[in-house]
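The chain contents come next:
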Number of protein chains: 2
Amino acid sequence: MTQNRTLSLSGERFTAVYHIVCKPAEAEARARDICVEQTIEFPEALVTDASIRDQIVGQVLSLQAVGEARFEARIGYPVEAAGRELTQLINVLFGNISIKPGVRLVGFELPESLARQYRGPRFGQAGLRALVDVHDRPLLCTAIKPMGLSPVALADLAYRLALGGIHLIKDDHGLSDQTFCRYEERVRRCAEAVERANRETGQRCLYLPNVTAPAGEIASRARLAKDAGAGGLLFCPGLAGFDAMRALADDDALALPILSHPAFQGTFCVHPDAGLSHGVLFGQLNRLAGADATIFPSWGGRFSFTQAECRDLVAGATRPMGELRTIFPVPGGGMRLDRVAELSDFYGRDCILLIGGDLHAHGPDLIESCRRFVAQAG
Amino acid sequence: MTQNRTLSLSGERFTAVYHIVCKPAEAEARARDICVEQTIEFPEALVTDASIRDQIVGQVLSLQAVGEARFEARIGYPVEAAGRELTQLINVLFGNISIKPGVRLVGFELPESLARQYRGPRFGQAGLRALVDVHDRPLLCTAIKPMGLSPVALADLAYRLALGGIHLIKDDHGLSDQTFCRYEERVRRCAEAVERANRETGQRCLYLPNVTAPAGEIASRARLAKDAGAGGLLFCPGLAGFDAMRALADDDALALPILSHPAFQGTFCVHPDAGLSHGVLFGQLNRLAGADATIFPSWGGRFSFTQAECRDLVAGATRPMGELRTIFPVPGGGMRLDRVAELSDFYGRDCILLIGGDLHAHGPDLIESCRRFVAQAG
């Protein structure tokens, strides 16, 4: 190997916590394998430069059994390996190792020097509460849908939902810029409708259009939303990338709260022996990438998350992460009016309750159904 | 519900093929559930507009058992639901349903009207062969690594690899823009080194720097690569988004071949009952998003893909998809010189063989090791 300029890194490391599913005799080698795979990705014996082995390769900080054939490894990586880029930080945390079965990333901790490279959520829980002026109780969210409705019909829905007292009205995440419902017309009509309702109610309901879009159009859709008077944005980082969401969150000219939607991310968490824990995926990564609230399918709906997984998610959304703000968990995915009390008990007041279709299942008076939602969550 | 303008869509549909793992008695309901979840995401009984039920909701085209407790459902979605956006096409194919266990997307077919919205690979197999002027045999690829080497050391490596006859020299995907190896210096030095080697050998080796980067920096890094004389680009769509890769591929001012790397995508395919098949993930989606070659960990290396999964991947890279070009499978992930003959037998001549670390395991003369690689793959 060519003589390398000797490295002199800071020695500071960030920590990834993995669960490894394997036989006890293999655990140490598996942990060690992660250290190499996620950094040099090169046969360690062939690395002639001692500074690379000492300073670049991951280090097993601890390894302990946490279940039958399940081990928890804490691995430290040099902060310089992650650079100043979210894409590369995620790459070091779980890039190649995602391809090896039996490894799950269940948490990570960034030292101050690395965490401060991320502004994180612009609003977070406190900022979003201030925007809608709702305190001491859960915020209420719904979606305008179904796909196939015209912008006029969706705006009429948004108007009635806002009159009924909903705080956050988002596009269904399947609404993009289709011929039967163009983005610009929808956003202008819905933002106007919610503003009109706000003038009548005196409330500050926000409309959040979906700006998940081709790479070159995300920023322009977000600007159009801002110009039209939308109060926030819906974004699917699984479809368009975590870092694209970060760019939206960091845009000072935009300065809108972001609701993150889990589309195309489910595979990362559905198998407990692979991928990312709910706390990492929907909590920690969304916060690093600037989401102010994180939508997920709660236990008890039409998806399959357990109560423990939902608790882990809430922990990821609220655990200390440097100076990053805490964000709202947004339990949804088939929630119903008759479960609001139970959800409030489970999630407490610091959440956003999301009910979609069920608001339409209680008779033709949508405004009245919203008022029931408001009353039950009060 | 508000009176909706009656839809009048084309009636044309694209087809998604899912495997559903469930009891026989549940298969039809599960398939039907996908139709709704991926489109209106709304209780079907509450949809008062018949045109939405008829024209928007997915339709089960066929459903058949393909194994014990395993069913294959072909579901048709209106082309208009996917709009003209790759992000939204992926959303309809596997957005919310990714969150339900026991569903795997194993293929999709786009009608001409939808397929022609995607230019796909600019070069594909034939174009990439023309660029490096290598015909009738596999192309050879390696990576410059390990992380921790300086730009000078990496350029020296690249020079020797190119002298040895390698056709494609890529950055290790862990090289981004770190303080110990800045992007610009690395790319300028490595591109110059490969060009210098090409002048000596008369060959047309390409250097492909990694342009996986923050959303706002991908295009500028790619332009810098082009200006520096790099012959192609490495990109990780799992980290930065499939559509960001499509934007690179569609950039006529850039016009560089793209090698797609699977970092952070493994979770999508490691469990056979969830996520995306290898053919969809590494083949079809990469082609739609403009990759010219798709790196994956081959069977028999340090990862765990089976021979059947690798065959499925090759099929996805080469099956007819409208006018989209076929792309090269790039088996890697711990391949060794002593397996070249076996790999050539398995993948045939239309592949790119990727050997990384093992080129360094056969003594100090790297150029000679490359020549062995060339000879064995001949």
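Rules of the game
- Residues numbered from 1 in each chain as written.
- Chains lettered and ligands numbered in written order.
- Predicted model: local features only at pLDDT ≥ 70, side-chain atom pairs only at ≥ 80, totals over all residues.
- Heavy atoms only, no water.
- Helix = DSSP H or I, 4+ residues; strand = E, 2+ residues; numbered from the N terminus.
- UniProt positions renumbered as here; feature names shortened; annotations may be inferred.
- Salt bridge = Lys/Arg side-chain N within 4 Å of Asp/Glu carboxyl O.
- Buried < 20%, exposed > 50% of the residue type's maximum accessible area, 1.4 Å probe, protein only.
- Pairing = 2+ DSSP bridges.
- Contact = heavy atoms within 4.5 Å.
- Axes fitted to C-alpha atoms, helices over the stretch in contact; angles between N-to-C directions.
- Buried area = accessible area lost by both parts, 1.4 Å probe.

> I keep staring at unusual backbone geometry and nothing clicks. Help me out?
Glycine aside, a negative phi is what most residues show, and trans is what most peptide bonds show. Residues and elements named next belong to chain A. Cis geometry marks the peptide bond from K145 to P146; its omega dihedral reads 5 degrees. Here P146 is to be found in the loop between β5 (139-144) and α6 (151-163). Positive phi, normally seen in glycine, also occurs at D136, with a value near 65 degrees. Tracing the sequence through the fold places D136 in the loop between α5 (124-132) and β5.

> Would you mind going over the UniProt feature "domain: Ribulose bisphosphate carboxylase large subunit C-terminal" (unreviewed entry) in chain A with me for this structure?
Within this structure's numbering, the places UniProt gives as "domain: Ribulose bisphosphate carboxylase large subunit C-terminal" (unreviewed entry) are residues 128-362 of chain A. Measuring from the first to the last C-alpha atom of residues 128-362 of chain A gives 29 Å, for a span that is 40% helix and 14% strand.

> When you look at the pattern of salt bridges in this model, what are you seeing that I'm missing?
Side chains carrying opposite charge are able to pair once their charged atoms draw close together. Residues and elements named next belong to chain A. Under the defined criterion, the tally for this structure stands at 59 salt bridges over all chains. Here R188 makes a salt bridge to E184, at a shortest N to O gap of 3.0 Å. With R188 and E184 both in helix α7 (residues 183-201), this residue pair falls four residues apart, about one helical turn. Given a relative accessible area of 39%, R188 falls into the partly exposed group. Using a relative accessible area of 40% as the deciding quantity, one classes E184 as partly exposed.

> Help me understand the sheet that holds strand β4 (residues 103-109) of chain A in this model?
Two orientations exist for strands paired in a sheet by backbone hydrogen bonds: parallel and antiparallel. Residues and elements named next belong to chain A. Spatially, five strands are ordered β2-β3-β1-β4-β10 in an open sheet, and the strand pairing comes out mixed. For this open sheet the edge positions go to β2 (59-67) and β10 (275-276), each flanked by a neighbour on one side alone. Pairing of strand β1 (residues 13-21) with β4 involves six bridges; the strand directions are antiparallel. Paired with I20 across the two strands is V103, which belongs to β4. Strands in contact with helix α3 (residues 86-94) are β1, β3 (70-78), β4 and β10; relative to β1, the strand with the most contacts, it is inclined by about 40 degrees. Its contacts with the sheet put helix α12 (residues 278-288) on β4 and β10, and the angle it makes with β4 is roughly 40 degrees.

> Looking at this structure, I do not really get the interface of chain A and chain B. What am I missing?
Interfaces are often described in size by the accessible area the parts lose on coming together. Across the contact, 85 residues belong to chain A and 85 residues belong to chain B. In total, about 7,500 Å² of surface goes out of reach between chain A and chain B, with carbon and sulfur atoms giving 61% of it. It is A:I99, A:F264 and A:T267 that lose the most area in chain A upon contact with chain B, and together they represent 10% of the buried surface on that side. At the junction of chain A and chain B, the tally comes to 12 salt bridges. The shortest N-O distance in the salt bridge between B:E41 and A:R302 comes to 3.3 Å.

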